[in-house]
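Coordinate inspection notes
What follows is the residue order along each chain.
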Amino acid sequence: MWNLTRFASSRLSRTRRLFSSVIPGPCIVHKRGTDILHDPWFNKDTGFPLTERDRLGLRGLLPPRVISFEQQYDRFMESYHSLEKNTKGQPDSVVALAKWRILNRLHDRNETLYYRVLMDNIKDFAPIIYTPTVGLVCQNYSGLFRRPRGMYFSAKDKGEMMSMIYNWPAQHVDMIVLTDGSRILGLGDLGVQGIGIPIGKLDMYVAAAGINPQRVLPVMLDVGTNNQKLLEDRLYLGLRQPRLEGEEYLEIVDEFMEAVFTRWPKAIVQFEDFQMKWAFETLDRYRKKFCMFNDDIQGTAGVALAGLLGTVRAQGRTLADFPDQRIVVVGAGSAGLGVLSMAVQAVARMTGKNETAAQNFFLLDKDGLITKERKNLDPAAAPFAKDPGQIVGLREGASLLEVVKKVKPDVLLGLSGVGGVFSEEVLKALRESGSTRPAIFAMSNPTMNAECTAADAFKHAGENIVFASGSPFENVNLGNGKVGYVNQANNMYLFPGIGLGSLVSGARFITDGMLQAAAECLASYMSDEEIQKGILYPSIDSIRHITAEVGASVLRAAVAEELAEGHGDVGPKELAHMSKEETVGYVFRNMWYPIYSPLVQEK
Ligand SMILES: NC(=O)C1=CN([C@@H]2O[C@H](COP(=O)(O)OP(=O)(O)OC[C@H]3O[C@@H](n4cnc5c(N)ncnc54)[C@H](O)[C@@H]3O)[C@@H](O)[C@H]2O)C=CC1
Ligand SMILES: CC(=O)C(=O)O
Ligand SMILES: [Mg+2]
């Protein structure tokens, strides 16, 4: 069932080779002079060659010496490294925001250089533009705000969205990430300040999936906030009203979706960081109507499933043993339920039995173990609620410690948003796990919301564990030359490929089959040697290569389901006739790569 193709050997060098031969095509510009210098998309700063300076009315507007792209790159990296040196010893949050600012300023000046720097240093810069620093940026957004990025649709724009959408200057948009700010990482309702998340996710789309940055659109749907502190903050930039609820809320989202797909019928919309009730409701409402998905439910599920399958292999078992894994999931929200649904589907496929697929899975929320005796049991959690008769020695609402002691799980997976719930006692109890190599997935973001730190996991649960966290931690030095490997179990390994594969296949919808293909691709990416070392996910350095493979898998699944309508000049028949390798090549060819293009002025 799972094709464990090995890509391990020279993934990165293959990716580099593919881009080393990129020859930039001309780029049409409708501006001249300072208007070009002030447009980060076209601006090359001191990199404009003299001929271009003449053609575009730039002569005299720049210092005379022409600096190459490579020199500009080195210059930026030097200033970045001096900033690192100069901020040494300062509080982590101060350093993180200083790094975010210097990158953001580069973005606002010169996008080509920004994305190249980001791509080439993704391991160092992802924690700044993405989790954990993006969380801090959202929390401080009103104070940090200098220039708008993306679009803002508010409850006050009802009836106007169809015309507003035409205010966006780009003619084509491929990828939209949308939030209503109601559940930003594990930080709760941050209202309009949540715009940092779509911006960060789309930066990852450009870096990982090569989506052209001129064709991305971060969107904030501001329907108010229930965060009292923000409502009272005089600097708060969003609507000062409680969140819309019920039909009033859905009418706003409906209007936005209609407006988007009227202007850009081929766009893909990723829903991000919506509170659970709206995450499920909107997914259900739109997934058969528009090309969209919910990253927290669906992207997270695929990444977690790939990690769970890797864990079985790390235990020296075969994938056929997955249904026997005892998995405790802490957090019954959009992410936790998404993970369990996908895991149950995988077990059902492996065993051919739907009814018993969830028997080894245990689900807890803030009120403890969820059983069928739970009052006001959420229908979304009901399929995973335990029958009290089946769980001798455990009761409704049992604590995590009780559950871990009784169940002796192979895997403890946290998506609760609560820092430290995997306490010392809980981690120590995991030493009694029935597994030779228990796994801990502390997936909540940002870092302070992780269910435990990597160091505590190895210290209390033992050195033989497999460990993954949603935000990055350093590997743990276990002494005697041994290292506790830290994986990053984050949906960043899948959402860029899901979006890219859907885009270049011209898929009408994003189906479970396409998402399953994405998860299987990630699961089969790692070699046995890596898995034995406890490495479940590839290094983020090879994110472009992973994303191309995931994108190609999604594309092939869309073709198989007859949902692929083609993209650009490539029609559905051509897609259907491509071999597996050809689909990967095709996906790569559709990736944008940051390099200066000759600018050609059109009046
Ligand atoms: N690593 C990754 O790729 C991803 C991580 N996440 C993280 O997962 C977390 C949760 O996200 P959602 O499911 O969307 O949130 P949510 O708000 O829908 O769900 C949170 C769940 O945790 C439960 N919970 C709260 N306190 C608890 C406690 N003390 N013990 C046990 N359960 C508790 C709640 O009852 C609720 O069921 C966030 O921190 C988010 O950053 C979400 C998506 C992807
Ligand atoms: C990673 C992500 O999507 C989240 O924490 O919400
Ligand atoms: Mg999210």
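As annotated in an unreviewed UniProt entry, the chain carries the name Malic enzyme and comes from Gossypium tomentosum. The Sequence similarities (unreviewed entry) comment attached to the chain in UniProt states, word for word, "Belongs to the malic enzymes family."

1. A few points about the overall build of the chain
Along its length, the chain carries 25 helices and 16 strands. The C-alpha atoms of the chain give 24 Å as radius of gyration, which agrees with the globular expectation for 603 residues (25 Å, within 12%). When its C-alpha atoms are laid out on the principal axes, the chain stretches across 80 × 60 × 55 Å. Going through the 603 residues of the chain one by one, you find that 60% of them count as buried. Put simply, of all contacts in the chain between residues at least 6 apart along the chain, 73% involve residues at least 24 apart. Carbon and sulfur atoms make up 51% of the accessible area of the chain, which amounts to about 24900 Å² in all. Positive and negative charge centroids in the chain, built from 67 and 69 side chains respectively, lie 4 Å apart.

2. Let's talk about the site of ligand 2
Around ligand 2, the surrounding shell consists of Y130, R183, L185, K201, E272, D273, D295, D296, N445, N490 and N491. Between ligand 2 and D273 there is a distance of 2.9 Å, counted from an oxygen atom to a side-chain nitrogen or oxygen. Contacts to ligand 2 include D296, whose side-chain N or O atom sits 3.0 Å from an oxygen atom. Within the complex, the protein chains bury 89% of what would otherwise be the 220 Å² of accessible surface of ligand 2.

3. Quick notes on the domain arrangement of the chain
Split by domain assignment, the chain resolves into domain 1 (11-19 + 494-589), domain 2 (68-290) and domain 3 (298-489). Summarising the inter-unit geometry, the C-alpha centres of domain 1 and domain 2 are found 25 Å apart. Across the boundary between the two partners, domain 1 contributes 20 residues, which contact 23 residues of domain 2. Of the roughly 1700 Å² buried at the junction of domain 1 and domain 2 (both faces included), carbon and sulfur atoms supply 65%. Of all residues in domain 1, the largest losses of buried area upon contact with domain 2 belong to F495, L503 and R544, amounting jointly to 37% of the total for that side. Counting every contact that joins domain 1 to domain 2 gives six residue pairs in polar contact (both at pLDDT 80 or more). The set of elements that each furnish at least two residues to the side of domain 1 that touches domain 2 consists of α20 (495-505), α21 (512-523) and α23 (543-560). Among the elements that make up the side of domain 1 that touches domain 2, the one with the highest residue count is α20 (six residues). Within the side of domain 1 that touches domain 2, the residues separate by chemical class into nine nonpolar, six polar and five charged.

4. Quick notes on the sheet that holds strand β3 (residues 175-179)
Strand order in the open sheet formed by five strands is β2-β4-β3-β5-β6, with parallel pairing between adjacent strands. The open sheet has two edge strands with one neighbour each: β2 (151-154) and β6 (292-294). Direction aside, the axes of adjacent strands within the sheet are offset by 20° on average. Looking at chain direction, β3 and strand β5 (residues 268-271) are connected through four bridges and run parallel. Bridge pairing in β5 places M175 opposite I268. Across the face of the sheet, helix α14 (residues 276-286) comes into contact with β5 and β6 while running at roughly 160° to β6.

5. Describing the coordination of the magnesium ion (ligand 3)
Those protein atoms acting as donors to the magnesium ion (ligand 3) are E272 (OE), D273 (OD) and D296 (OD), and they sit at 2.1 Å. Written as a sequence motif, the donor residues of the magnesium ion (ligand 3) are E-D-x22-D. Of this pair, E272 sits in the loop between β5 and α14 while D296 sits in helix α15 (residues 295-314), placing them 24 residues apart in sequence. D296 matches E272 in its accessibility class, with the two residues each being buried.

Conventions adopted
Residues numbered from 1 in each chain as written. Chains lettered and ligands numbered in written order. Predicted model: local features only at pLDDT ≥ 70, side-chain atom pairs only at ≥ 80, totals over all residues. Heavy atoms only, no water. UniProt positions renumbered as here; feature names shortened; annotations may be inferred. Helix = DSSP H or I, 4+ residues; strand = E, 2+ residues; numbered from the N terminus. Rg over C-alpha atoms; globule rule 2.2 N^0.38 Å. Buried < 20%, exposed > 50% of the residue type's maximum accessible area, 1.4 Å probe, protein only. Contact = heavy atoms within 4.5 Å. Areas by Shrake-Rupley, 256 points an atom, 1.4 Å probe, with all protein chains shown as cover. Lys, Arg positive; Asp, Glu negative; His and termini not counted. Charge placed at Lys NZ, Arg CZ, Asp CG, Glu CD. Near = heavy atom within 4 Å. Polar contact = N/O pair within 3.5 Å; in protein donor to acceptor, adjacent residues only side chain to side chain. Domains from an automatic or database assignment. Buried area = accessible area lost by both parts, 1.4 Å probe. Nonpolar A, V, L, I, M, F, W, Y, C, P; charged D, E, K, R; others polar. Pairing = 2+ DSSP bridges. Axes fitted to C-alpha atoms, helices over the stretch in contact; angles between N-to-C directions. Donors = N, O, S within 2.8 Å, 3.2 Å for Na, K, Ca; no water.

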